[in-house]
Amino acid sequence: MAQETNSKYLINGKQNILSGSAPSGDLTLGNFIGAIRQWGNLQNEYNCYYMVVDLHSITTRQDPKVLRERSISFFAQYLAAGLDPKKNTIFFQSHVSAHSELAWILNCFTPYGDLTRMTQFKDKSVKHPKNINAGLFTYPVLMAADILLYDCHLVPVGEDQKQHIELTRDIALRFNNEFGETFVVPEPFIPKVGGRVMALQEPSRKMDKSDPNQNNTVFLLDEPKVIEKKLKSATTDSGTTIEYTEEKPGVKNLLEIYSSLSEEKIDSIVQKFEGKMYGHLKVDLASLVVEKTQHIRDEYKRLIADKNFLHSVMKENAERASAHADKTLSRVYDKIGFVPKA
Ligand code: TYM
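The present account deals with the structure reproduced in this document. (Residues numbered from 1 in each chain as written. Predicted model: local features only at pLDDT ≥ 70, side-chain atom pairs only at ≥ 80, totals over all residues. Heavy atoms only, no water.)

1. Some details on the overall build of the chain
Note the threshold: Per the convention used, a helix needs a DSSP run of H or I reaching at least four residues, while a strand needs a run of E reaching at least two, with both numbered from the N terminus. Relative accessible area decides the class of each residue, using a 1.4 Å probe on protein chains only: under 20% of the type maximum gives buried, over 50% gives exposed, and in between gives partly exposed. Contacts: residue pairs with any heavy atoms within 4.5 Å of one another. What sets the accessible areas is the Shrake-Rupley method with a 1.4 Å probe; for residues, cover comes only from the shown protein chains.
Looking only at helices and strands, the chain features 13 helices and five strands. Dimensions along the principal axes, computed over C-alpha positions, put the chain at roughly 70 × 45 × 45 Å. Expressed as a percentage of its 342 residues, the buried residues of the chain come to 52%. The long-range share in the chain, meaning contacts at least 24 apart out of those at least 6 apart in sequence, stands at 75%. For the chain, the exposed surface amounts to about 16,200 Å²; the carbon and sulfur share of it is 52%.

So this is what it looks like as structure tokens:
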């Protein structure tokens, strides 16, 4: 999977992983399939860091009250989805100051031209023409800092983040060439099916937590009835046969969601629905989505009511993250010639 590594970067013999999601909207089925579900699968094999990416979320305007509540809700949803805070380090990005500090350093080592090529910056600039701020532009550099601080070998993400991981690799390689080995060069880890879940009503674009049309998006905390309604009204086409083809992007998307949740091959799903109508696929898919996510809603209700527990886990995990991140930051400060504090 990942490259050979110098054993000094392993923790308890395991390679490191980091990923996260920005609380700029509620967690979606796309986030679950593309990322969070993979995180849970990796927690035994790797030393994992999972963040609520609050610093990144403010590159678009957030209501402070909503941001605070949503950030805690994300944290509880991570735990509810099965991430064990004893096995993984689960924390808020803003609780570890090294992220902002390393981001500044890396800003000074990232060519302007590289950032102008980032497609997410271009997309978000179109979506938020009145708020094209410097943070939006340097967003991928903060992401590089997130990853490089934890000596990560692997970064489990959906397809939309691939370009940012490539930039992270470029930044790490360039820095290592100039100063000697400092950073582990990470690899993206993207699921083969489900790396890009599309919007239900407009399957030409990805399902996005900040989509103004809520019918495009299944949220993880949507009640079963809402999930069923959204999936039943998903755009398909005027045909009737269930086929996996680029010409039927709506059906293709539903089949991919089905395949990634059921872990069945697309071909055998297509066979199963041979001679059946789109409606059958939608009804069965809705039951599958509800079944595969119900444990999250149940566990979430329990966890979100226990704020004391959440706060103690937050604190303990942020301390663990800081210990690793601060060590990497000191290594970088030393390499670039900063005078140590004491
Ligand atoms: P975010 O919050 O947009 O998404 C979180 C994760 O979900 C994946 N994802 C999807 N996968 C499949 N289909 C979709 N429709 C879909 N939508 C989102 C994303 O690829 C991502 O893996 N910049 C990041 C957060 C971040 C981060 C990091 C991730 C900040 N620093 C360091 C990894 C490592 C973001 O906004 O993700």
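Next comes the rest of the write-up.
2. Focus: the site of the ligand
The test is simple: Whether a residue is near a molecule or strand depends on its heavy atoms: it is near if one of them lies within 4 Å of it. Two N or O atoms form a polar contact when they lie within 3.5 Å of each other; inside protein one atom must be a possible hydrogen donor and the other a possible acceptor, and for residues adjacent in sequence the pair counts only when both atoms belong to side chains.
Around the ligand, a shell composed of 28 residues is seen, among which Ser 21, Tyr 139, Asp 146, Asp 160 and Lys 209 lie nearest. Contact distances for the ligand include 3.1 Å between an oxygen atom and a side-chain N or O atom of Asn 31. Asp 146 places a side-chain nitrogen or oxygen 2.6 Å from a nitrogen atom of the ligand. Listed by contribution, the elements that provide at least two residues to the shell around the ligand are β1 (16-21), α1 (29-42) and α7 (134-149).

3. What to know about the environment of Ser 238
Here Ser 238 is to be found in the loop between α9 (224-232) and α10 (249-262). Along the sequence, Ser 238 and Lys 248 sit ten residues apart, while their C-alpha atoms lie 9.7 Å from each other.

4. Focus on the packing of α9 against helix α12 (residues 278-304)
Here is the rule: All axes are obtained by fitting lines to C-alpha atoms, using only the stretch in contact for helices, and the reported angles, taken between N-to-C directions, cover 0 to 180 degrees. For any helix crossing, the convention is left-handed if the near helix is rotated counterclockwise from the far helix by under a right angle, and right-handed if that rotation is clockwise. Under the scheme applied, nonpolar residues are Ala, Val, Leu, Ile, Met, Phe, Trp, Tyr, Cys and Pro; charged residues are Asp, Glu, Lys and Arg; polar residues are all the others, including Gly.
The geometry of α9 relative to α12 is characterised by a closest axis approach of 9 Å and an angle of 145° between their N-to-C directions. Both α9 and α12 take part in a crossing whose hand is right-handed. In this structure, α9 uses Pro 224, Ile 227, Glu 228, Leu 231 and Lys 232 to contact α12, whose residues at the interface are Lys 282, Val 283, Leu 285, Ala 286, Val 289, Val 290, Thr 293, Gln 294 and Arg 297. Counted by class, the contact of α9 with α12 contains eight nonpolar, two polar and four charged residues.

5. Details of the sheet that holds strand β2 (residues 47-52)
Stated precisely, the cut-off is as follows: DSSP calls a pair of strands paired once it identifies at least 2 bridges connecting them.
An order of β3-β2-β1-β4-β5 is seen for the five strands of this open sheet, with the pairing classed as parallel. Among the strands making up the open sheet, the edge pair consists of β3 (89-92) and β5 (187-189). Each adjacent strand pair in this sheet contributes to an overall mean axis angle of 25°, direction not counted. Helix α13 (residues 307-336) contacts β1, β2 and β3 of the sheet and is inclined by roughly 95° relative to β3.

Purely geometric numbers; function is a separate question.
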